[in-house]
Amino acid sequence: MERGFSNPRQLLDPTPLGVIIYPMCIGIPAKVIEISGTSGKVDYEGVKREASFLMLPEAKVGDYVILHAGFAIKKLSEVDAKETLRLIQEIVRVEKELDG
């Protein structure tokens, strides 16, 4: 395993949704809760994080966005964001059953 890890689950802590992240990027929708200039905060299912809106200046409070490396890179509809969150939760549920 790369970086000296014998277990890929040691690479990163679970996300707020309980997803174990392997060495790849995954975009989890977050709701914009605050914007001041080009920075602000988003809410990942109750976990708040700082975010840059430099690459997505059209984002507004209440929008759902995908963040990459702390930057909002794409705006999503609320319907798409909630469906994506539902699918991620389903993946987590199935993974737990398989690990069970």
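Keep in mind that what you see is a predicted model, and the values were worked out from it rather than measured.

## Structural notes on the overall build of the protein chain
- A count of helical and extended segments in the protein chain gives 1 helix and 5 strands.
- For the protein chain, the α and β elements follow one another from N to C terminus as β-β-β-β-β-α.
- Counting across all 100 residues of the protein chain, residues that qualify as buried make up 30%.
- Partitioning the intrachain contacts of the protein chain with sequence separation of at least 6 by distance along the chain shows that 36% fall at a separation of at least 24.
- Summed over its atoms, the accessible surface of the protein chain is roughly 6700 Å², and 55% of this surface lies on carbon and sulfur atoms.

## Quick word on the side chain of D43
- Structurally, D43 is set in strand β2 (residues 39-44).
- Only 2.5 Å separates the side chain of D43 from the backbone nitrogen of G46, close enough to count as a polar contact.
- When sequence neighbours within four positions are dropped, the list of residues in contact with D43 reads A30, K31, I33 and K48.

## Quick notes on a nonpolar patch on the surface
- A contiguous nonpolar surface patch, about 390 Å² in accessible area, is contributed by L54, M55, F71 and I73.
- Tracing the backbone through its elements, the reader meets F71 in strand β5 (residues 71-76).

Calculation criteria
Residues numbered from 1 in each chain as written. Predicted model: local features only at pLDDT ≥ 70, side-chain atom pairs only at ≥ 80, totals over all residues. Heavy atoms only, no water. Helix = DSSP H or I, 4+ residues; strand = E, 2+ residues; numbered from the N terminus. Buried < 20%, exposed > 50% of the residue type's maximum accessible area, 1.4 Å probe, protein only. Contact = heavy atoms within 4.5 Å. Areas by Shrake-Rupley, 256 points an atom, 1.4 Å probe, with all protein chains shown as cover. Polar contact = N/O pair within 3.5 Å; in protein donor to acceptor, adjacent residues only side chain to side chain. Patch = residues over 30% accessible without salt bridge, like charges linked within 9 Å, V, L, I, M, F, W, Y side chains within 5 Å. Salt bridge = Lys/Arg side-chain N within 4 Å of Asp/Glu carboxyl O.

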